[in-house]
Amino acid sequence: CMFTAIYCSRILFNVAERRRWITELKMNQIVGSTLLDFIGMRRVAAVISVVVILVGLTAFFIRGKGMLDTDLAGGSTARIEFVSVKTVDEITESLRQADYKYMGDPIRYSVTQMKDNDKAFKIDASLPVMDAEEAPGGDPVPKLDEIIADVFRGQLVMLNLDYDPAQIKLLRPDGTPLETPGIMPEVEENQPVGGGPNMEHAISAMPQEEPAANQDTTAGTSDSAADPQETEQPELGAPTAQQLESGAEGQQQPATAGRRERFVAEVDLTFAHPITGESVIGYLQSAADELGDVPFDEDDVELKAPGVESIRDRATKWNVKMGVYGESDAFRVFERVQETMAQEPYFASSSGVGGQVAGQTQQKALFAMVASLIGIIGYIWIRFQNVAFGLAAIVALVHDVLVVLGAIAASYWLANIFGFLLIEDFRISLSVVAALLTIIGYSLNDTIVVFDRIREVRGKRTDITAEMINRSISQTLSRTILTSITTLIVVVILYVLGGESIHAFAYALVIGVMVGTYSSIFVASPTLLWLMNRGVAPPTVNPEKAPASQGSV
């Protein structure tokens, strides 16, 4: 960004100037050279600022912990979609009537309707994520997903799985297809086999003596021998329960089958909504556990999806390769997953933060804010050789932060009145903290431009007069207006088109840009005048005779 702003922009301006596409433009041509009495309006501006800050702080304390998003307060968030249209009040009331509690207190919920879908909602709950060992009394705390699925059973859009059982392919561990499905191939002695992500090494065949031709097959290590004609043939290559327990798969095989091995079942699973590969593996594991007689190893599963690089990403269609002992095992697992998906609600996103993690995040966010303010005082003190400049800048920055926080707090009520302006129930999250730090940087830059001009206008004088500040602000006003307008255009576009994930971030920036411009003129400059002339009667200076810089900013 810095390279583009300094180097590329300069080249473009040089080319445009040499080709006569632009002509010389002086900043004072925009607002003229009239000297405005900004300092004379400081009392009115002070009253406006105090009222706005008090209203914002009142809204902040009324909302209390509800001001903090889950990443700062701890809690859970889920985005769901209903089959039919619902209202925020209906959803909130249903959740309250369910009477779920955490540490003896009813769980607090906040429901927000998504702007792009009247059936989609975001639900925030004061329900930290924790394990059973961490929970009060060792009792497991219900997850928000489980609460929503219980309260709105049959009302939510389901994941739903669509696949064709006839398309299940049986593959050898090396990836070659079986010519005759259901008949297991003979395997040479000590031949390694595998499946899953590393097909050569993931699964090993069990050792077994090769039976002689036209000779009855008996179990060499079993206490009681069995005639193969009296022994029930295992289903389609699946090991018997006794074999699974003893770890001797394939020891009681007919002569035509040779030694048994696990092979690979491949099929395409198509879900109604995007789902992560990690979730797919979880559903396969759960299905195998529910069936009870199907061995399953998640390391023996390979997933692929078009355009997806990691199983942590979402996709609607996943190609699954899974190590199994028989075709029926694969069919039963996929059928059980399909039954589960028909009853599994679709969560567009679901996340949670524990209370301890949230507390640490709050401390880090507060430290970042305080450290930035302290650093600013030191920087401006060194640059202007007077701590009054640094303190005046800090007053303006604190003013900006308080106004933005008040605007976020008031959004809870403003959303009902100015919903057409895309205002929602915004909360303080890490993205909002990043926006506050961005606002601090923007406002500081604008304030330093004014302070630099004040230093030039003051010259070698030790005091500062109202006339000096008015002249300095007037000379830099064109630059301030141009910078504010161009920045505001960008953040407004970001606010309107940026998407749900950065909506609160963009909202804070829109308010911050406007407030930062205001504070550099009506807060920082009057504060500097007061700090520089405390207890000293400032001399009267004729504005027309005050030293002025001829350059433009």
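Refer to the structure printed above.
Conventions used here
Residues numbered from 1 in each chain as written. Predicted model: local features only at pLDDT ≥ 70, side-chain atom pairs only at ≥ 80, totals over all residues. Heavy atoms only, no water. Helix = DSSP H or I, 4+ residues; strand = E, 2+ residues; numbered from the N terminus. Expected span 1.5 Å × (residues − 1). Buried < 20%, exposed > 50% of the residue type's maximum accessible area, 1.4 Å probe, protein only. Arc of directions from axis to C-beta. Contact = heavy atoms within 4.5 Å. Core = buried A, V, L, I, M, F, W, Y, C linked by side-chain atoms within 4.5 Å.

## Concerning helix α14 (residues 503-522)
Right, so step 1: The end-to-end C-alpha distance of α14, which contains 20 residues, comes to 29 Å, matching closely the 28 Å that a straight helix rising 1.5 Å per residue would cover.
Right, so step 2: Burial within α14 is extensive, with 17 of its 20 residues counted as buried.

## Side note on helix α3 (residues 42-63)
Right, so step 1: End to end, α3 covers 31 Å across 22 residues, agreeing with the expected 32 Å (1.5 Å per residue, within 8%).
Right, so step 2: Within α3 the residues assigned to the buried category are A45, S49, I53, G56, A59 and R63. Looking straight down α3, one finds that the buried residues subtend no more than 125° of arc, so they occupy a single side. In this structure, α3 carries R43, V44, V47, L54, V55, F61 and I62 as exposed residues pointing more than 90 degrees from its buried face.
Right, so step 3: If you follow the buried residues of α3, they end up packed against α11 (387-417) and α14.
Right, so step 4: Looking one or two places after α3, you find G64, whose phi comes out positive at around 60°.

## Some words on the nonpolar core
Right, so step 1: Residues I380, I408, I428, F451, I464, Y507 and L528 are the most contacted members of the largest nonpolar core, which totals 63 residues.
Right, so step 2: Contributions of two or more residues to this core are made by α3, α10 (355-384), α11, α12 (430-458), α13 (466-497), α14 and α15 (524-532).
Right, so step 3: Sequence-distant contacts of Y507, defined by excluding residues within four places in its chain, comprise A407, I408, S411, L414, I423, F426 and Y495.
Right, so step 4: Core analysis: the second largest hydrophobic core is formed by 35 residues, F271, I281, F296 and V320 among them.

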